[in-house]
Amino acid sequence: MPIDPTLAFRLREVVGAQVLVDPELVASYTADWTGRFRGHTAAVVFPASTEEAAGVVQVCRESGVAIVPQGGNTGLVGGGVPLHGEVVLNMGRLGGSEPVDRAGGQVTAGAGVTLAGIQEVAAESGWSYGVDFSSRASATTGGSVATNAGGIRVLRYGDTRAQLLGVEAVLGTGAVISHLAGLVKDNTGYDLSGLICGSEGTLAVVTRVRLRLVPPAPERAAALIALRNLDAALGTAAVLRRSLPQLEACEIIFTPGIDLVCSVFGLRRPFLRPSPVNLLIEVADRVDPTDILIEAIGSAEHVIDTIVATDSPRRAELWRYREELTAAINTLGPPHKLDVTLPTTSLAGFIDAVPDVVSTIEPTASTWLFGHVGDGNIHVNVTGLRTDDDRVDGAVFELVARLGGSISAEHGIGSAKRRWLHLSRSAAEQTAFRALKRALDPDGILNPHVLIPDA
Ligand SMILES: Cc1cc2nc3c(=O)[nH]c(=O)nc-3n(C[C@H](O)[C@H](O)[C@H](O)COP(=O)(O)OP(=O)(O)OC[C@H]3O[C@@H](n4cnc5c(N)ncnc54)[C@H](O)[C@@H]3O)c2cc1C
């Protein structure tokens, strides 16, 4: 799809040579991480400042051209790729962080700084960043704010919105809003940063973020716990949450998932006697938490076996069983990724029921379950389906809704779940969404095919 020469000229007036139009070069920006969502674009534009991002939005608005903001392109719901030929506004050049406010425990960073980058900057200044997940090397702060990303530490520190003290962003009008003073108490009207957080690039392009840091907890211990059955795993997760204030992560992994990781990445199986379900937990404190971890596991029932790891390399080995699972599943073909959350009381019923829901629709499909069980968040991954066959997606989301859950725990709605938004949001809420969209993006140029269904 060749770019309109006038548009190319005007974009280059704003960002110089940072406009990619060669079809071979733009291709890697048009497909998502799973390979399920593949789009096309005439141009990928790389602004290096808020002013340049505002200039690009202004040009696109005047030209009637839609934009897809893009960070590290690790999103899993088809929200960051140009499925309808939009111009891609890649934020990778908005890097760099300001010096950490060591007294206040805050930092301002460009939207293109990766999650790992922020974690490093925080650690160098004696602080820590509360959000972590396995795409940390590529996912950006802008993308994690746009998706209100969760991850493995939500049960201790909350999601990205809980870390966010302010943003600088370009609205769909091209206007820039900047609220980066980092005042912890600031009751001066609408919380626009909180609104933009989780808006998936539909209201504004985030260019800089002000983040709260947390005190470091350098002493760590992790454990992989093999359990007799699902009820035992959920019961143990509840006991550990109650008895361990130091609990930072509580993940569930089923044995078929561990077997898959082992066969794809050549890892050794963790236990001699396989168990149906496993919890991977991590505790962190200022003093060595190993003894309290062991004591808490000792008080849990139905534990078949446990591996405790205290030093960093052995903890990393345990984490591979969980963190490599997403990549291992990808080797089976583009998965349908259904990231959902359930009330505690419905979680076991959902996990039991979902494989049958899938196999009733597509008997040859495989269901992989894992997730941040400490938050009631389960990732249902289904392989063996055509990328455009969303019957299973719909059936799983309907089950979630019947059980009082949400169709997106942390990945967002994107384009993948847009047509099921009504299962989690009422008609009145969707009307309010559309009114907000019209107010901040009157011409509908920012990610117009994401999140909000057509009226
Ligand atoms: C292996 C793996 C593990 C993951 N684990 C987790 C997890 O545990 N928890 C979790 O929450 N997510 C997880 N994710 C999903 C993903 O990493 C997060 O959603 C992340 O926040 C996306 O950041 P990104 O920079 O890659 O954004 P992208 O994928 O580029 O974009 C995601 C969305 O945000 C919008 N966007 C991006 N940047 C901006 C910006 N600057 N301004 C406005 N809108 C923008 C895009 O338009 C799109 O709608 C995982 C993904 C992978 C591949």
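Residues numbered from 1 in each chain as written. Predicted model: local features only at pLDDT ≥ 70, side-chain atom pairs only at ≥ 80, totals over all residues. Heavy atoms only, no water.

**Regarding the environment of D101**
Reasoning step 1: Along the chain, the position of D101 falls in the loop between β4 (87-90) and β5 (106-110).
Reasoning step 2: Taking the relative accessible area as the measure of exposure, D101 reaches 29% and is therefore partly exposed.
Reasoning step 3: What D101 contacts, discounting residues up to four positions off in sequence, is Q106, W127 and R210. (Helix = DSSP H or I, 4+ residues; strand = E, 2+ residues; numbered from the N terminus. Buried < 20%, exposed > 50% of the residue type's maximum accessible area, 1.4 Å probe, protein only. Contact = heavy atoms within 4.5 Å.)

**Comments concerning the domain arrangement of the protein**
Reasoning step 1: Segmenting the protein into domains produces domain 1 (5-90), domain 2 (106-212), domain 3 (219-326) and domain 4 (332-428).
Reasoning step 2: The C-alpha centroid of domain 3 is placed 29 Å from the C-alpha centroid of domain 2.
Reasoning step 3: Carbon and sulfur atoms make up 45% of the area that domain 2 and domain 3 hide from each other, which totals about 820 Å².
Reasoning step 4: Run the count over domain 2 and domain 3 and you get three salt bridges. (Domains from an automatic or database assignment. Buried area = accessible area lost by both parts, 1.4 Å probe. Salt bridge = Lys/Arg side-chain N within 4 Å of Asp/Glu carboxyl O.)

**Structural notes on the packing of aromatic side chains**
Reasoning step 1: Within the structure shown, the criterion is met by two aromatic pairs.
Reasoning step 2: When the ring of Y29 is compared with that of F46, the centres are 5.6 Å apart and the planes differ by 75°; the resulting orientation is edge-to-face. Residue Y29 is located in the loop between α2 (23-26) and β2 (44-45), and its partner F46 is located in the loop between β2 and α3 (50-63); the two are separated by 17 residues in the primary sequence.
Reasoning step 3: Relative accessible area serves as the criterion here: at 10%, F46 is assigned to the buried category. (Phe/Tyr/Trp six-rings, centres within 6.5 Å; stacked < 30°, edge-to-face > 60°.)

**Focus on the sheet that holds strand β9 (residues 219-227)**
Reasoning step 1: Taken in spatial order, the seven strands make up an open sheet running β12-β9-β11-β10-β14-β15-β13, and their pairing is antiparallel. Whereas interior strands pair on both sides, the edge strands pair on one side only; in this sheet they are β12 (303-309) and β13 (336-341). In this sheet, adjacent strand axes meet at a mean angle of 20° when their direction is disregarded.
Reasoning step 2: Across the sheet, helix α12 (residues 312-323) touches β9, β10 (247-254), β11 (277-285), β12, β14 (366-371) and β15 (377-383), and the angle it forms with β9 is around 45°. (Pairing = 2+ DSSP bridges. Axes fitted to C-alpha atoms, helices over the stretch in contact; angles between N-to-C directions.)

**A few points about the site of the ligand**
Reasoning step 1: Close contacts around the ligand come from 36 residues, with P69, T74, G75, S135 and T140 the closest.
Reasoning step 2: A distance of 2.9 Å is found between an oxygen atom of the ligand and a backbone nitrogen or oxygen belonging to N73.
Reasoning step 3: Within the side chain of H372, a nitrogen or oxygen atom sits 3.2 Å from an oxygen atom of the ligand.
Reasoning step 4: Within the residue set of the shell around the ligand, elements represented by two or more residues are β3 (67-70), α5 (141-147) and β8 (204-212).
Reasoning step 5: Here the shell around the ligand gets five residues from one element, more than from any other, and that element is α5.
Reasoning step 6: Looking at the shell around the ligand residue by residue, the class counts come to 12 nonpolar, 22 polar and two charged. (Near = heavy atom within 4 Å. Polar contact = N/O pair within 3.5 Å; in protein donor to acceptor, adjacent residues only side chain to side chain. Nonpolar A, V, L, I, M, F, W, Y, C, P; charged D, E, K, R; others polar.)

**Comments concerning the pattern of salt bridges**
Opposite charge on two side chains permits them to pair, given that their charged atoms come into close proximity.
Reasoning step 1: Considering all chains together, one arrives at 24 salt bridges under this definition.
Reasoning step 2: Between E429 and R425 there is a salt bridge, with the nearest N and O atoms lying 2.8 Å from each other.
Reasoning step 3: Its relative accessible area of 34% is what places R425 among the partly exposed residues.
Reasoning step 4: Because the salt bridges share partners, they merge into one network encompassing D132, R136, R153, R156, R220, E248, E282, R315 and E323.

**Points about helix α11 (residues 290-298)**
Reasoning step 1: Within α11, the full set of buried residues consists of T290, L293, A296 and I297. All buried residues of α11 project into a common sector of 130° when viewed along the axis, lining one side. Turned more than 90 degrees away from the buried face of α11, the exposed residues are D291, E295 and G298.
Reasoning step 2: The inward-facing, buried residues of α11 abut β9, α9 (230-243), β11 and β12. (Arc of directions from axis to C-beta.)

**Side note on the sheet that holds strand β7 (residues 176-178)**
Sheet strands associate in pairs through backbone hydrogen bonding, adopting either a parallel or an antiparallel arrangement.
Reasoning step 1: Pairing in this open sheet of four strands is antiparallel, and the strands run β5-β8-β6-β7 from one edge to the other. In the strand order of this sheet, the two ends are held by β5 and β7, each with one partner. Ignoring strand direction, the axes of neighbouring strands in this sheet form an average angle of 15°.
Reasoning step 2: Its contacts with the sheet place α3 against β6 (164-171), β7 and β8, and it is angled at close to 40° to β6.

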